[in-house]
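# Residue-level structure breakdown
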Amino acid sequence: MEIEGFRWLLSDAGQQLLAELSNDRDLNEANFLRYTTKLRKHYPAEAVTAALETSLLRRAAQAKFPQASQLYFTREALEQATPWLVANYRQRHFAAGSRLVDLGCSIGGDALALAQSCSVLAIDRDPLRLALLEANAQALGLSHQIIIQAADFTTLEFAGYAGLFIDPARRSNGKRIWDVEHYQPPLSTLERWRGQVPIHGAKVAPGIPDEAVPAGYDLEFISLDGDLREASLWWQAGQVGGQRKAVVLSSAGAEHSLIADPSQAAAALSEPLAYLYEPDPAVIRAHAVADIANQLNLTQFDPSIAYLTSDCLVQSPFLRVWQIEQWLPFNLKALRQILQEREIGRVTVKKRGSPITPEELSKQLRLKGRYEQTLVLTKLQGQPIVLLVKLL
Ligand SMILES: C[S@@+](CC[C@H](N)C(=O)[O-])C[C@H]1O[C@@H](n2cnc3c(N)ncnc32)[C@H](O)[C@@H]1O
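Everything numeric in this text was worked out from a predicted model, so none of it was measured.

## Observations concerning the side chain of E53
Mapping E53 onto the fold places it in helix α4 (residues 45-60). Among buried charged residues, E53 stands out as having no salt bridge; its nearest opposite-charge side chain is R75, 5.8 Å away.

Listed below in structure tokens is the structure:
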């Protein structure tokens, strides 16, 4: 979408076409060209592209933004945007009423959430994204809370602001960048504003390696409905940093968090008991598995594997639970016989710490039968085991 096309979309004719397209259930990526040809008879080329793209992107954006049907995106900006529930959680790092800066605001995934409780200076160097943000702020009734500035933020000063947030580019030529100093801009760019702004937040790749976390920062992992979605680094003047936190969110509105205690004793070890627990990926990435195990009296099969077990059923927002129906040291022949006796024709294989691939195992099991079974391939104090489990 070009900026001329977007400006036209904001006109009465543009809004009318958008409304018609939003009710048209036949429009999809596959017939985009047919629609383009049809609409080009009545509207300019850039207007047609803007209207069709916006209609399709609004549908795709439903997964990230509950208000997607009112907002404007480009494909890349939508991919980069923070999901609303995550941004909404994260904005609470800043005290309500603060003056904040969003460095690289794009179409406003973070800026709009921040603007609900704070005033935000939103800066980007991409004029189209800024125009989209302006329209998005208006659509959500947040224009009075956002000042939009087109600039290269690396050259600016921010004395007097209470906090800043940055969401740097973490891909180059389609490849993920792990080193925070290779982000665009590098994370150390923030050091420039340490004397000016007391709280800095930065969105980083959820797979950030431990050794890439710079000294002085807290690290927070956020999952949404069980999927690890984001990580962010937080620096605060006068604090030493180094804390790791898991935040578990659900689309239904639940929010739970857990700070890992680095002095926590390792979880006790045991054989598999009645229940198997898989910690939420945010808990695993925050190194809080021992915390949750000790809090809930759960034991671990192997110190290097994030599976937990117990005799009594424990429910926790940080854990998925399976009932353990049977377990055995891994032995293909014995497993094949058990599955034959149970008339298992299809298996779902989960694994942690096992080199065997699910496809390989399914082929070797030569299954025949009418039932399904979930298998877990893992280790018991270094030795391979297999568990037959049922999700609770
Ligand atoms: C990953 S996107 C931000 C997405 C945003 N947080 C959201 O949730 O919608 C990064 C943005 O930073 C902008 N950007 C990168 N470097 C910049 C710079 N030096 N000055 C201004 N904008 C910059 C890009 O144009 C892009 O829009």
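## Considerations on the pairing of strand β12 (residues 275-279)
With five of its five residues buried, β12 lies for the most part within the structure. Where burial is concerned, the two faces of β12 agree: the one with Y275, Y277 and P279 and the one with L276 and E278 are both buried. With three bridges joining them, β12 and strand β14 (residues 308-310) adopt antiparallel strand pairing. Among the inter-strand pairings, Y277 is bridged to a residue of β14, identified as L308. Judged from the five bridges that link them, β12 and strand β15 (residues 319-329) form a sheet pairing that is antiparallel. Bridge pairing in β15 links Y275 to Q323.

## Quick notes on the UniProt feature "domain: THUMP-like" (unreviewed entry) in the protein
When the UniProt feature table is mapped onto this chain, "domain: THUMP-like" (unreviewed entry) is found at residues 320-389. The annotated region residues 320-389 carries 26% helix and 50% strand content, and the separation between its end C-alpha atoms amounts to 12 Å.

## Let's talk about the packing of helix α2 (residues 12-22) against α4
Across the interface, α2 lies against α4 with an axial gap of 9 Å and an inter-helix angle of 45 degrees. Between α2 and α4, the angle is such that the two are oblique. Handedness of the crossing formed by α2 with α4: right-handed. Residues L17, L18, L21 and S22 of α2 touch α4, and the partners they reach there are A51, L52, T54, S55, R58 and R59. Of the residues in the contact of α2 with α4, the class split is five nonpolar, three polar and two charged.

## Observations regarding the side chain of S316
Along the chain, the position of S316 falls in the loop between β14 and β15. By relative accessible area, which is 12% here, S316 ends up buried. Separated by 3.0 Å, the side chain of S316 and the backbone nitrogen of F318 make a polar contact. Filtering out sequence-adjacent residues up to four positions away, S316 remains in contact with I292 and L296.

## Thoughts on the pattern of salt bridges
If charged atoms from side chains of opposite charge come close, those side chains can pair. Enumeration according to the criterion identifies 18 salt bridges in this entry. Here E76 ties to R129 by a salt bridge, and the two come within 3.1 Å at their closest N and O atoms. Taken together, the positions of E76 in helix α5 (residues 75-80) and R129 in helix α8 (residues 127-139) put the pair 53 residues apart, joining distant regions of the chain. For R129, a relative accessible area of 10% puts it in the buried group. One connected set of salt bridges, linked through shared partners, spans R90, D110, D167, R170, K203 and E230.

Thresholds, definitions, all that
Residues numbered from 1 in each chain as written. Predicted model: local features only at pLDDT ≥ 70, side-chain atom pairs only at ≥ 80, totals over all residues. Heavy atoms only, no water. Helix = DSSP H or I, 4+ residues; strand = E, 2+ residues; numbered from the N terminus. Buried < 20%, exposed > 50% of the residue type's maximum accessible area, 1.4 Å probe, protein only. Lys, Arg positive; Asp, Glu negative; His and termini not counted. Salt bridge = Lys/Arg side-chain N within 4 Å of Asp/Glu carboxyl O. Pairing = 2+ DSSP bridges. UniProt positions renumbered as here; feature names shortened; annotations may be inferred. Axes fitted to C-alpha atoms, helices over the stretch in contact; angles between N-to-C directions. Parallel < 35°, antiparallel > 145°, perpendicular 65-115°, else oblique. Left-handed = near helix turned anticlockwise from the far one by under 90°. Contact = heavy atoms within 4.5 Å. Nonpolar A, V, L, I, M, F, W, Y, C, P; charged D, E, K, R; others polar. Polar contact = N/O pair within 3.5 Å; in protein donor to acceptor, adjacent residues only side chain to side chain.

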